[in-house]
Amino acid sequence: MPKPACKPWWRSRTIRLNALVAALVALEAGTGLLQPVLPVNFYTLVAVGLPVVNAVLRVVTSQALTRSRKEA
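Residues numbered from 1 in each chain as written. Predicted model: local features only at pLDDT ≥ 70, side-chain atom pairs only at ≥ 80, totals over all residues. Heavy atoms only, no water.

Visitor: So, the overall build of the protein chain: which residues are in play, and what are the values?
Guide: A tally of regular secondary structure across the protein chain gives two helices and two strands. When the helices and strands of the protein chain are listed from N to C terminus, the series reads β-α-α-β. Taken over 72 residues, the protein chain has a buried fraction of 14%. Only carbon and sulfur atoms are counted for the fraction: they give 67% of the accessible area of the protein chain, which is about 5,900 Å². (Helix = DSSP H or I, 4+ residues; strand = E, 2+ residues; numbered from the N terminus. Buried < 20%, exposed > 50% of the residue type's maximum accessible area, 1.4 Å probe, protein only. Areas by Shrake-Rupley, 256 points an atom, 1.4 Å probe, with all protein chains shown as cover.)

Visitor: Kindly report on the environment of Ala 64, identifying the contributing residues and their values.
Guide: Along the chain, the position of Ala 64 falls in strand 2 (residues 64-66). Of the residues examined, Ala 64 reaches a relative accessible area of 37% and is grouped as partly exposed. When the C-alpha positions of Ala 64 and Ser 12 are compared, they lie 9.4 Å apart, and in sequence the two are 52 residues distant. Not counting residues up to four positions away in its chain, the partners in contact with Ala 64 are Ala 5, Cys 6 and Lys 7. (Contact = heavy atoms within 4.5 Å.)

Visitor: Let's hear about the packing of aromatic side chains: which residues, and what values?
Guide: Two aromatic rings are characterised by how far apart their centres lie and by the angle between their planes. According to the stated counting rule, one finds two aromatic pairs in the structure shown. Between Trp 9 and Trp 10, the ring centres sit 5.9 Å apart and the planes meet at 85°, which makes this aromatic pair edge-to-face. A relative accessible area of 42% means that Trp 9 is categorised as partly exposed. Of the residues examined, Trp 10 reaches a relative accessible area of 33% and is grouped as partly exposed. Ring centres of Phe 42 and Tyr 43 lie 5.9 Å apart, and the angle between their planes is 75°; this geometry places the pair in the edge-to-face category. (Phe/Tyr/Trp six-rings, centres within 6.5 Å; stacked < 30°, edge-to-face > 60°.)

Visitor: I'd love a proper account of helix 2 (residues 42-60), names of residues and values included.
Guide: With 19 residues, helix 2 should cover 27 Å at 1.5 Å per step; its first-to-last C-alpha distance of 26 Å lies within 8% of that length. By the largest-angle criterion, Gly 49 marks the main kink of helix 2, which is about 30°, and a proline, Pro 51, follows within four residues. Residues of helix 2 that are buried: Leu 50, Asn 54 and Leu 57. The inward-facing, buried residues of helix 2 abut helix 1 (13-31). (Expected span 1.5 Å × (residues − 1). Bend = angle between axes of the 7 residues up to and from the residue.)

Visitor: Any chance you could break down helix 1 for me, citing the residues and the numbers?
Guide: The terminal C-alpha atoms of helix 1, which comprises 19 residues, lie 27 Å apart, in line with the 27 Å expected from a rise of 1.5 Å per residue. Structurally, the start of helix 1 carries an N-cap: the backbone nitrogen of Thr 14 is 3.3 Å from a side-chain oxygen of Ser 12. With its phi angle positive at about 70°, Gly 32 sits one or two positions after the end of helix 1. (Polar contact = N/O pair within 3.5 Å; in protein donor to acceptor, adjacent residues only side chain to side chain.)

Structural data, given as structure tokens:
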């Protein structure tokens, strides 16, 4: 049986989304710049929406990830 195709970890939509959210949370925690321009319920939306989006991305995932280019 052939080995399934792998892609580099940085091409993962799930990892990219979570990295973006983590960066925005860190920016907000460090500077407070985002809160004045975001809706009041934004954090609730992220707390509920992010797990849902992660689950959807996991369901549509078709390739395994690899840590290095050599394994791809």
